[in-house]
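# Fold and contact review
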Amino acid sequence: MNERVLLLDDEKDFVEAMAERMRARGMEVTAITSPSEALKRVREESYDVIVMDFMMPEIDGLEAIKELKRINPDLQIILLTGYATMEKKIEAKNLGATDLVEKPADIDTLTDKIRKTHEKSETLLH
Amino acid sequence: MNDSLDVREETALRFFGNISTSISHEIKNVLAIINENAGLLEDYNLMAEKGIPLNPERIKTLAETVMTQIRRADGLVKNMNKFAHSVDEASKTVDLREILELVVALSSRFAAIRGVGLELQPSSSAVSILSSPFFLENLIWLVLDFAMNATGNGKIVGLFAEKKEDGARVIFTQLDALGKAQKDEFPTEREKSLLHILNAEISLDHRAGQIFIDLPTEITL
């Protein structure tokens, strides 16, 4: 089954290009630029993984992780970031983020991580 | 070394660090967009090798996106260069309008993350003073940071500079929640250390939702 991915970043040109590349690699991707839209989507629809920027307008990255996990504790979260301090990385992991990928990301490394994350959560659920 | 000097040094270092971090984040974002668009071109090339025809319009759009991002990065690097040069001379004649323009450009990411718009209002003539460019930028940046928490529902900070008989004034406007924002002491020790070196004064008009920085025509460092 294809991985259902919600891709969130406030840079429209980034999400659109990355989503197209992920789709070409067999993933079902919804690309959005608004954190509040992401929370709404996660409430209403089912996703295996959210790949999201760590620093965006509207909501702090750590707050977003807490809220996403509150809505769907099984949702896997992969963070995209320019840079993150070690403290932020540890805090993000402690709040439930699965992995962190530095921008600019290598698409094959990222899709591998998404697949492994999805497989791991499937194994735990069944 | 007295206490006030320590605060000023720490304030200045923190300012330099915050601006450098912000610019490097922005450049990373630009690189990420270029990376994805270059990756798409690579994907299309692989598809073309398998016989799937290229769509010229799509290629044109990707090229335009890359060029837009290169212009964006160029703007970021130019501002970074201007900012780095502000420490070249302890004091010099500056046009306050240009200082405001630079601080607004350097603050745009911080403002965007907080959902605040910055509106730089034009001044009709040059507002020249002899001052310390770096400490001036630092003070305006700190006041702007405070002002962004005082916008209320409007989520806009207006800024402009004007000439006065005995110097110049920077005015922050549209701060509808100024009274609510000032729960703690303001100006803090950080702003006070910069006001001291710039021989400047800050005043707040809660009713009008405005903050003023009054600067002398010249200072000697």
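Here's what I pulled together on the structure shown here. As the structure is a prediction and not an experimental result, all values here were calculated from the model.

All right, on to the overall build of chain B then. A count of helices and strands for chain B gives 6 helices and 7 strands. What you see in chain B, going N to C, is helices and strands ordered as α-α-β-α-β-β-α-β-β-α-α-β-β. The C-alpha atoms of chain B give a radius of gyration of 21 Å, which is well past the 17 Å a tight globule of 221 residues would have. Along the first, second and third principal axes, the C-alpha set of chain B runs to 75 × 40 × 35 Å. Counting the 221 residues in chain B, one finds 43% classified as buried. Contacts spanning at least 24 positions in sequence make up 77% of the contacts within chain B whose residues lie at least 6 apart. Counting every atom, chain B has about 11400 Å² of accessible surface; 53% of that belongs to carbon and sulfur. Here chain B contributes 23 positive and 32 negative side-chain charges, whose respective centroids are spaced 5 Å apart.

Residues and elements named next belong to chain B. Pairing in this open sheet of 5 strands is mixed, and the strands run E2-E4-E5-E7-E6 from one edge to the other. Each having just a single partner strand, strand E2 (117–120) and strand E6 (201–205) make up the two edges of the open sheet. Direction aside, the axes of adjacent strands within the sheet are offset by 20° on average. Of the strand pairs in this sheet, strand E4 (residues 156–164) and strand E5 (residues 167–173) are connected by 7 bridges, and their pairing is antiparallel. Across the sheet, Gly-158 pairs through a bridge with Thr-173, a residue of E5. Of the strands in this sheet, E2, E4, E5, E6 and strand E7 (210–216) are in contact with helix H4 (residues 133–148), which crosses E7 at around 170°.

So, about the packing of helix H3 (residues 61–71) of chain A against helix H4 (residues 86–95) of chain A. Between two packed helices, both the angle of their axes relative to each other and the distance between the axes serve to describe the pair. Residues and elements named next belong to chain A. Where H3 contacts H4, the two axes come as close as 9 Å, and the packing angle between them is 10°. Our classification of the angle between H3 and H4 gives roughly parallel. Contact with H3, carried on its side by Leu-62, Ile-65, Lys-66 and Lys-69, involves Lys-88, Glu-91, Ala-92 and Leu-95 of H4 and no other residues of that element. Of the residues in the contact of H3 with H4, the class split is 4 nonpolar, no polar and 4 charged.

Quick look at the interface of chain A and chain B now. In this complex, chain A contributes 19 residues to the contact, which on the side of chain B involves 22 residues. A salt bridge links B:Arg72 to A:Glu11; its shortest N-O distance comes to 2.6 Å. The interface formed by chain A and chain B holds 10 residue pairs in polar contact (both at pLDDT 80 or more) in total. Sorting elements by how many residues they give to the side of chain A that touches chain B places helix H1 (residues 12–24) of chain A first, with 6 residues. Across the side of chain A that touches chain B, the residue classes break down as 10 nonpolar, 1 polar and 8 charged.

All names here are of chain B. The tally for this structure, following the rule as stated, stands at 9 aromatic pairs over all chains. Centre to centre, the rings of Phe-15 and Phe-83 are 5.2 Å apart; their planes meet at 85°, and the pair counts as edge-to-face. With Phe-15 in helix H1 (residues 3–49) and Phe-83 in helix H2 (residues 56–85), this residue pair connects regions lying 68 residues apart in the sequence. We note that Phe-15, like Phe-83, is buried. The interplanar angle of 35° and the centroid separation of 6.0 Å between the aromatic rings of Phe-16 and Phe-134 together place this pair among those described as tilted. With Phe-16 in helix H1 and Phe-134 in helix H4, this residue pair connects regions lying 118 residues apart in the sequence. Given a relative accessible area of 8%, Phe-134 falls into the buried group.

Our next topic: the layout of surface pockets. Of the pockets and cavities examined, the largest pocket occupies roughly 430 Å³. Lining of the largest pocket is provided by 19 residues; of these, A:Met55, A:Lys88, B:His25, B:Arg109 and B:Ile113 occupy positions nearest its centre. Put simply, the parts of the chain that give the lining of the largest pocket at least two residues each are H3 of chain A together with H1 and helix H3 (96–113) of chain B. Broken down by element, the residue count for the lining of the largest pocket peaks at 4 residues, all from H1(B). Looking at the lining of the largest pocket residue by residue, the class counts come to 9 nonpolar, 6 polar and 4 charged. Taken as a whole, the second largest pocket holds about 260 Å³ of empty space. If you trace the second largest pocket, you find 13 residues lining it, with B:Lys82, B:Lys92, B:Glu98, B:Ile99 and B:Glu137 closest to the centre. Each residue belonging to the lining of the second largest pocket can be placed in one class, and the counts come to 4 nonpolar, 3 polar and 6 charged.

Residues and elements named next belong to chain B. With 30 residues, H2 ought to run about 44 Å at 1.5 Å a step, and its terminal C-alpha atoms sit 43 Å apart, in line with that. Of the residues making up H2, those classed as buried are Leu-62, Thr-65, Gln-69, Ala-73, Leu-76, Asn-79 and Phe-83. If you check the start of H2, you find a side-chain oxygen 3.0 Å away from the backbone N of Glu-57, and it comes from Asn-55.

The rules behind the values
Residues numbered from 1 in each chain as written. Chains lettered and ligands numbered in written order. Predicted model: local features only at pLDDT ≥ 70, side-chain atom pairs only at ≥ 80, totals over all residues. Heavy atoms only, no water. Helix = DSSP H or I, 4+ residues; strand = E, 2+ residues; numbered from the N terminus. Rg over C-alpha atoms; globule rule 2.2 N^0.38 Å. Buried < 20%, exposed > 50% of the residue type's maximum accessible area, 1.4 Å probe, protein only. Contact = heavy atoms within 4.5 Å. Areas by Shrake-Rupley, 256 points an atom, 1.4 Å probe, with all protein chains shown as cover. Lys, Arg positive; Asp, Glu negative; His and termini not counted. Charge placed at Lys NZ, Arg CZ, Asp CG, Glu CD. Pairing = 2+ DSSP bridges. Axes fitted to C-alpha atoms, helices over the stretch in contact; angles between N-to-C directions. Parallel < 35°, antiparallel > 145°, perpendicular 65-115°, else oblique. Nonpolar A, V, L, I, M, F, W, Y, C, P; charged D, E, K, R; others polar. Salt bridge = Lys/Arg side-chain N within 4 Å of Asp/Glu carboxyl O. Polar contact = N/O pair within 3.5 Å; in protein donor to acceptor, adjacent residues only side chain to side chain. Phe/Tyr/Trp six-rings, centres within 6.5 Å; stacked < 30°, edge-to-face > 60°. 1 Å grid on protein atoms, 1.4 Å probe; cavity = no way out; pocket = protein on both sides within 12 Å on 5 of 7 lines; lining within 4 Å. Points joined across faces, edges and corners; volume = space filled by probe spheres on them. Expected span 1.5 Å × (residues − 1).

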